[in-house]
Amino acid sequence: MPRILCISLSPIERDARVLRQVGVLAQLGSVTTLGYGGHPEGATDHIAVPRELPSLPQTVGGVATLALRQWRRAELAAPAIRFALDALRGQRFDLVVANDARVLALAHAVAGDAPVWADLHEWAPEERTHVLSWRLLVAPLMRHLCARYLPLSAATSTVCLSIAELYERDFGVRPAVVRNSNPWQPPEPTPVADDAVRLVHSGAAVHGRSLETMIDAVRALDDRFTLDLFLVPGGDGGAYQRSLEQRAAGCDRIRFREPVAPAALPATLNGYDVGVFVIPPTHTNARLTLPNKFFDFVQARLGIVVGPTVEMQRLVEQHGLGIVADGFAVDDVIRALGSLTPDAVRTFKAASAAAARELSFETDAAVIRDLVAPLLAGRA
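Draft legend 1. Local environment of the pairing of strand 5 (residues 116-120). Within strand 5, five of the five residues are buried, which leaves it mostly tucked inside the rest of the structure. Judged by which residues are buried, strand 5 turns out to be covered on both faces: V116, A118 and L120 on one side and W117 and D119 on the other are all buried. Across four bridges, strand 4 (residues 95-99) lies against strand 5 in parallel orientation. Counted as the bridge partner of V97 is W117 from strand 5. Between strand 4 and its parallel partner strand 5, the chain crosses via helix 5 (residues 104-111), and the hand of that crossover is right-handed.

Draft legend 2. Geometry of the packing of aromatic side chains. Applying the stated criterion across every chain yields a total of five aromatic pairs. Where W123 meets Y167, the ring centres are 4.8 Å apart and the plane angle is 70°; that geometry is what we call edge-to-face. Of this pair, W123 sits in the loop between strand 5 and helix 6 (132-149) while Y167 is found in helix 7 (residues 161-171), placing the two residues 44 residues apart along the sequence. Using a relative accessible area of 1% as the deciding quantity, one classes W123 as buried. The class of Y167 is buried, set by a relative accessible area of 0%. Pairing Y167 with F171 gives two aromatic rings, centres 6.2 Å apart and planes at 35°, and the pair type is tilted. Of this pair, Y167 and F171 both sit in helix 7, separated by four residues, roughly a single helical turn. No difference in accessibility class separates Y167 from F171, as the two residues are buried.

Draft legend 3. Inspection of the pattern of salt bridges at higher detail. Evaluation of the coordinates by the stated rule reveals 21 salt bridges. K349 is the salt-bridge partner of D273, the closest N and O atoms lying 3.2 Å from each other. Highlighted residues: D273 in the loop between helix 10 (265-269) and strand 11 (274-277) and K349 in helix 15 (residues 342-355), separated in sequence by 76 residues. This pair shows no difference in class: D273 is buried, exactly as K349 is.

Reading the values: the criteria
Residues numbered from 1 in each chain as written. Predicted model: local features only at pLDDT ≥ 70, side-chain atom pairs only at ≥ 80, totals over all residues. Heavy atoms only, no water. Buried < 20%, exposed > 50% of the residue type's maximum accessible area, 1.4 Å probe, protein only. Helix = DSSP H or I, 4+ residues; strand = E, 2+ residues; numbered from the N terminus. Pairing = 2+ DSSP bridges. Right-handed = clockwise from strand over helix to strand, strands pointing away. Phe/Tyr/Trp six-rings, centres within 6.5 Å; stacked < 30°, edge-to-face > 60°. Salt bridge = Lys/Arg side-chain N within 4 Å of Asp/Glu carboxyl O.

Dropping the structure here:
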């Protein structure tokens, strides 16, 4: 049986994209995962990277290599990567999977003569460009890693068409598209009331997503509209979520629900009418985002309201799933939501049901198998 190494310096047991990837890989071989956290489902073996070891060169020496633009030295300088090199010494694999640009050098260092599949979860050169230190020190390293290692990778993939085009433009490699889609779910659209529009949003409470826009819009709308939020606190200790709760205070039509596991989201969201996500284009990854929650809404058989975000707009319009607001401001969202009629909501929910197979992970799993199977066949 082929041996496959899947590297992701994330808590893989909670990383929905990598878990789906591991599920497909496990059908093709014996999978060893390397990342933070516990043993993920589907993996035969797991190498746990200590949580305190950063995935970027954040030591004094590592920062010096970044400041001096010594990219070749910086490639393997991160403490987590040094740990991985030691843990993997002497092991051989038939395929190595690199999840995100920061582990490209590691994947190629341990692959030997095995092929490397690079799965890029976003536009790596602008992952955190809103942080000045990241923009000045880390972004150039990400560009170096992509420029050096993507052409050496046997296969590449990313999350949407627009980002695939950026990789082709800047690095001469056209990745396949593997979306952040979810497994197909069987629920039927739930009935729509004539006097109520049940809005819902799920995801992380992260400041840059401007979730207050939804809250302000719903407060300004009439009593037909309710908004339930299933939020996971961000990395700020929950400060942003608390600010949202304060902003919604006094409006009993806005409710904060306990978060549920990703696998349970479609069934939980099925009781609502319309999923809402309006994220301002503050950076490239926000401008081109096509997130898990979009596919959660589809598998829950909801109508969808989004801002004019390139990839979400493309699918909403292609499949007739809902409404694209004219912009990202509160007034734009008020107009979009206020235009919803019961018949329109029923039509949008039916369109989600019709598109659910095409927009499910079954479609994207086939892309993964088409990428990986020839690489493993060459190892037989």
